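Spelled out from the first residue to the last, the chains are:
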Amino acid sequence: MTMERPAQAPALAAPRPDGTSAVVLAARGVKKSFAVGARTLEILHGIDLELRSGELLALVGSSGAGKSTLLHCLGLLDPPDQGSVHLEGTSAWQLGLVERAHLRNQKIGFVFEFYHLLPELTALENVLLPAMIAHSRLAFGSRKSELRERAGGLLERFGLAERASHRPSQLSGGERQRVAMARALFLDPPILLADEPTGNLDSATGAAVLELLLAEQRRRRLSMILVTHDEKIARRCERVITMKDGRIGASG
Amino acid sequence: MYRSFLSWRYLVSRPTNLIGIVGILVGVGALILILSIMTGFLEESRRTVRGTLADLIVCPRQGERSAKGVVSDDPQGLLHALRAEPRVAAAAPQLLWGGIITQRGEMGKNYERLLASSSMSHSGLLAIQLVGIDVNGIGRLTGPLTALVARRLHGFLPRPAIQDELDASAFLHSLTGDQPGEIWTAAPPNPLLPFLPPRRPGLGRPKAGVLIGEQLFTDLVMRVGQVVEIGTAVLDPERDDWRMNNREFVIAGTFRTRENETDNGRIYLDRRELADFLGQTRGYTQVLVRLKDYERDSAAVSEDLRATLSERGLIAGGAAFAEGRMELKTWEEFRGNLLGAIENERVLMGIMLSLVLVGAGFTIFAILSMMVTEKRRDIGILAALGATPTGIQQLFLMIAFWDALLGGLLGGVLGTWGAIEIDSIERWLSRTFGFQIFDRNVYLFDHIPSVVQPLWVTTIVLGAFFCALLFAAIPAWRAARLDPLVALRYE
């Protein structure tokens, strides 16, 4: 599958006449339930949410509130039972498998709590993975040195220049998460979804990783949803949405 | 891009894939090796089975009704018709009859012992087969003077030219099937033989020469130049009774065809001498035909000749004799059952060994199934990064592709090398381990026959390749159907 060359800068929606930015990602009445044995457990009860261009939004709530499930619905990984998800105005769950995969590759970057790096690949190769998925062998081959240079530059900015050829098993938790962040940002997606990015790190490492992530968000004007149960982290975001029992409790 | 890159990375980083590669390698290698040896055995056996048969054998039903009256007992018309066919290289009549050795003395005792033990050691041989062939050239040198002159002039004996217009090499060809002269040792030392010795006035009827099968010659402790008495039974048409005939012959030499039954019990002599021995009741029983290009023409010439000879009344033909198929046969039709059995063995062996490839396919299936389970989290990561289900399916199919490619190619190369070098490999193994693995005397081969057919090798390698991909399709399909979230949560 050959995809178009990734944009060098985030595709920002133009500001509206009223001064607010355009909505890049929106959930409209999203409901989601899971079957647990014989009974059905409703996780999301008709969620409405909007993420504007360049906005940093924190999604907080206790464990089981439905934060991660909502993030997966928004990230086109888990289909909602009801409702819709709109990505830059397109009802994403009405698209076909290939189109959705293309959107995930080009428009959304994921940072997971457990890094989710491929153990067989080096740090550099992990960063290059989205580009490998986006390009055919021929297209990738023709831009290989340029892409490797960019990936190397990204790792260097994240302080991993010396660790580019190391495998995930040879990296510390903080280093792994930084590789995962570099991977998420490599194709310059306009949207970044981070699910507890510091949840698996000690507080010092977590703080450093968070600083790096927020700096990138500001620098790239990324639209970002940060799922956390840490109030202190949430307070650093422009907007905080609290979830409780599958419903949005408060927004501020 | 990620499919080929990741599949190769998975392949080299997971030792379990080596099992798949080795499985295919062994399957492909063994199949090529065994089929090459079986093909070699088949070809060698074809030579052995063919034995003394000519390309075509015409056995007219003499005396039976034909399209032009009755089938003649004179071969000349038939020979003329056969030689007129442009695809026929040569044709010669032959007279086959049964007999026993009735020589008294030491040879008789040996023969009696041979008959007594025939059920154990001589495949039930009780009688000898007398084969009357047309003798020409040296065989027609009638006087001692001529032979003496020939010896003086050449300093050596010319090869015996026998079988009339089938020259010596052609006759040898009909005896051995291939490579005339290589394993046929019939050069008689006496220029007077075979087969007509000089007439010596006053000593009665001269004794004709005969060529004896080497094994029979050895078993009966015979000597060249020795007299042997042979008996046979012929039907006396006037008395309508069987009559025993006995006659003495001189042993002119021996021959060896490596066909046990022939070397044990066949005696060659001049056809006219044999006809005389049989009281002129039979002049010939069959006509041997050699074609210019057997492989190309045998089927067409057989059909054409059946029609032509039937039409001209030279064979009986008709429905009673299967439209000539009972009277005119190719050597392969003559030995059809035996050749079919050998071919069946090869096919059966091929089918059985193909199961090895199916086994290798199952290994690929098991390894990939295990890998899909093991790599569930990776599948989820790839899906989150934008890989499509089809892409993930292709990723796992590519792992099988590498397995099959490496296993198939290595197996192909090793199997072919093994098939070519099987003889020296066997000799080395026998030397190293101190016992003989392949007894060459059992098959009368001086080497392990092996014929590598490129088409077979290609078919086997491609077969293994597609077999591996086929078995990989199910786990690959399972991988593509994995829910990315379930996969991501997998630890």
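Just so we're clear, the structure is a prediction, and the values are computed from it rather than from any experiment.

Enquirer: Quick question: what am I supposed to make of the overall build of chain A here?
Expert: Helix and strand content of chain A: eight helices and ten strands. Counting only residues that meet the buried cut, chain A has 49% of its 252 residues in that class. Sequence separation of 24 or more characterises 73% of the internal contacts of chain A that already satisfy a separation of 6 or more.

Enquirer: Would you mind going over helix 2 (residues 97–107) of chain A with me for this structure?
Expert: Looking at helix 2 of chain A, one finds that the buried residues are R100, A101, L103, R104, N105 and K107 of chain A. Check the buried side of helix 2 of chain A and you find it contacts strand 4 (82–87), strand 6 (108–111), helix 3 (123–134) and strand 7 (191–195) of chain A together with helix 14 (376–384) of chain B.

Enquirer: When you look at the pairing of strand 3 (residues 56–61) of chain A in this model, what are you seeing that I'm missing?
Expert: Look at any regular strand and the pattern is simple: side chains alternate between the two faces of the sheet. All names here are of chain A. Across the six residues of strand 3, six count as buried, placing the element largely inside the fold. Residues L56, A58 and V60 point to one face of strand 3 and L57, L59 and G61 to the other, with burial holding for every one of them. Note: strand 3 against strand 8 (residues 223–228), five bridges, orientation parallel. Bridged to L56 within strand 8 is M224. As paired elements, strand 3 and strand 9 (residues 239–244) share five bridges and run parallel to each other.

Enquirer: Where do I start with the environment of A127 of chain B in this structure?
Expert: Residues and elements named next belong to chain B. Looking at the secondary structure, you find A127 in the loop between helix 5 (118–121) and strand 5 (128–133). Sequence spacing of A127 and G231 is 104 residues, and the spatial spacing of their C-alpha atoms is 9.9 Å. With residues near it in sequence (within four places) discarded, A127 still touches G98, G99 and I100.

Enquirer: It is not clear to me how the packing of helix 3 of chain A against helix 5 (residues 144–157) of chain A should be interpreted in this structure. Could you clarify?
Expert: Axes are the key here: two packed helices are described by the angle between their axes and the distance separating the axes. All names here are of chain A. Between helix 3 and helix 5, the shortest axis-to-axis distance is 9 Å and the interhelical angle comes to 120°. By the angle class used here, helix 3 and helix 5 are oblique. Crossing angle aside, the handedness with which helix 3 passes helix 5 is right-handed. Of the residues in helix 5, those touching helix 3 at A123, L124, V127, L128 and A131 are L147, R148, A151, G152, L154 and L155.

Enquirer: Is there a simple way to explain the interface of chain A and chain B in this structure?
Expert: Accessible area lost on assembly of the parts is the figure often given for the size of an interface. Chain A puts 24 residues into the contact, and the matching count from chain B is 20 residues. Where the side of chain A that touches chain B is concerned, the elements lending two or more residues are helix 2, helix 3 and helix 4 (137–142) of chain A. Here the element with the most residues in the side of chain A that touches chain B is helix 2 of chain A; it accounts for six residues.

Enquirer: It is not clear to me how the packing of helix 6 (residues 173–185) of chain A against helix 7 (residues 203–220) of chain A should be interpreted in this structure. Could you clarify?
Expert: Residues and elements named next belong to chain A. At a closest axis distance of 10 Å, the pairing of helix 6 and helix 7 adopts a crossing angle of 15°. By the criterion of interaxial angle, the relationship of helix 6 to helix 7 is roughly parallel. Here helix 6 and helix 7 pass one another in a crossing that is right-handed. The residues of helix 7 that touch helix 6, namely those facing G173, G174, Q177, R178, M181 and L185, are T205, A208, V209, L212, L213 and E216. Across the contact of helix 6 with helix 7, the residue classes tally to six nonpolar, four polar and two charged.

Enquirer: In this structure, what is going on with the environment of A27 of chain A? I would like to understand it.
Expert: Residues and elements named next belong to chain A. When you line up the elements, A27 lands in strand 1 (residues 23–36). Using a count of 21 C-beta atoms within 10 Å as the deciding quantity, one classes A27 as buried. Placed 22 residues apart in sequence, A27 and L49 show a C-alpha to C-alpha distance of 4.9 Å. The contacts of A27, once residues within four sequence positions are left out, are I47, D48, L49, L70, C73, L74, G83 and V85.

Enquirer: In this structure, what is going on with the sheet that holds strand 2 (residues 39–52) of chain A? I would like to understand it.
Expert: Strand order in the open sheet formed by four strands is 2-1-4-5 (chain A), with antiparallel pairing between adjacent strands. The open sheet has two free edges, formed respectively by strand 2 and strand 5 (90–91) of chain A, since each of these has just one partner strand.

Enquirer: What is the right way to read the nonpolar core from this model?
Expert: Generally speaking, a soluble globular protein has its nonpolar side chains buried in company with each other. By size, the foremost hydrophobic cluster in this structure holds 139 residues, and its most contacted members are L59 and I225 of chain A together with L368, A464 and A468 of chain B. Counting residues per element, this core draws most heavily on helix 2 (residues 16–50) of chain B, at 13 residues. Setting aside residues up to four positions removed in sequence, L59 of chain A forms contacts with K67, L70, L71, I225, L226, V227, I241 and M243 of chain A. Counting 52 residues, the second largest nonpolar core, distinct from the first, contains I267, L288, L309 and I315 of chain B.

Enquirer: So what exactly am I meant to see when it comes to the confidence of the model for chain B here?
Expert: Low pLDDT marks regions whose predicted coordinates should not be analysed in detail. Residue and element names in this part refer to chain B. In this model, chain B carries a mean pLDDT of 77, and residues with pLDDT of at least 70 account for 78%. Predicted confidence in chain B is weakest over helix 6 (residues 144–154), with a mean pLDDT of 39, and strongest over helix 15 (residues 389–420), with 92. Below a pLDDT of 50 lies the segment residues 120–125, which in the model reaches nine contacts outside its immediate sequence neighbourhood of four places, other chains included. Low pLDDT, under 50, characterises residues 137–199; the stretch is placed with 127 contacts to residues that sit more than four places away or in other chains. The complex model carries a pTM of 0.64, and its ipTM stands at 0.87.

Enquirer: Before we go on, may I ask you to explain the pairing of strand 10 (residues 286–291) of chain B in this structure?
Expert: Residues and elements named next belong to chain B. Burial analysis of strand 10 places five of its six residues in the buried class, the great majority of the element. Inspection of the sheet shows strand 1 (residues 56–58) paired to strand 10 by three bridges, in the antiparallel sense. Across the sheet, residue I57 finds its bridge partner in strand 10, namely L288. As judged from the six bridges shared by strand 4 (residues 88–101) and strand 10, these two strands associate in the antiparallel manner. The residue of strand 10 that forms the bridge with A90 is R290.

Enquirer: When you look at helix 5 of chain A in this model, what are you seeing that I'm missing?
Expert: Side chains of residues three or four places apart in an α-helix project in the same direction, reflecting 3.6 residues per turn. Residues and elements named next belong to chain A. With 14 residues, helix 5 extends 20 Å from end C-alpha to end C-alpha; this agrees with the ideal 20 Å at 1.5 Å per step. Those residues of helix 5 hidden inside the fold are in contact with helix 3 and helix 6. Looking one or two residues beyond helix 5, the residue adopting positive phi is G159, at roughly 75°.

Rules used throughout
Residues numbered from 1 in each chain as written. Chains lettered and ligands numbered in written order. Predicted model: local features only at pLDDT ≥ 70, side-chain atom pairs only at ≥ 80, totals over all residues. Helix = DSSP H or I, 4+ residues; strand = E, 2+ residues; numbered from the N terminus. Buried ≥ 20, exposed ≤ 12 C-beta atoms within 10 Å, placed from the backbone. Contact = placed C-beta atoms within 7 Å. Pairing = 2+ DSSP bridges. Axes fitted to C-alpha atoms, helices over the stretch in contact; angles between N-to-C directions. Parallel < 35°, antiparallel > 145°, perpendicular 65-115°, else oblique. Left-handed = near helix turned anticlockwise from the far one by under 90°. Nonpolar A, V, L, I, M, F, W, Y, C, P; charged D, E, K, R; others polar. Core = buried A, V, L, I, M, F, W, Y, C linked by C-beta atoms within 7 Å. pLDDT = per-residue confidence, 0-100. Expected span 1.5 Å × (residues − 1).

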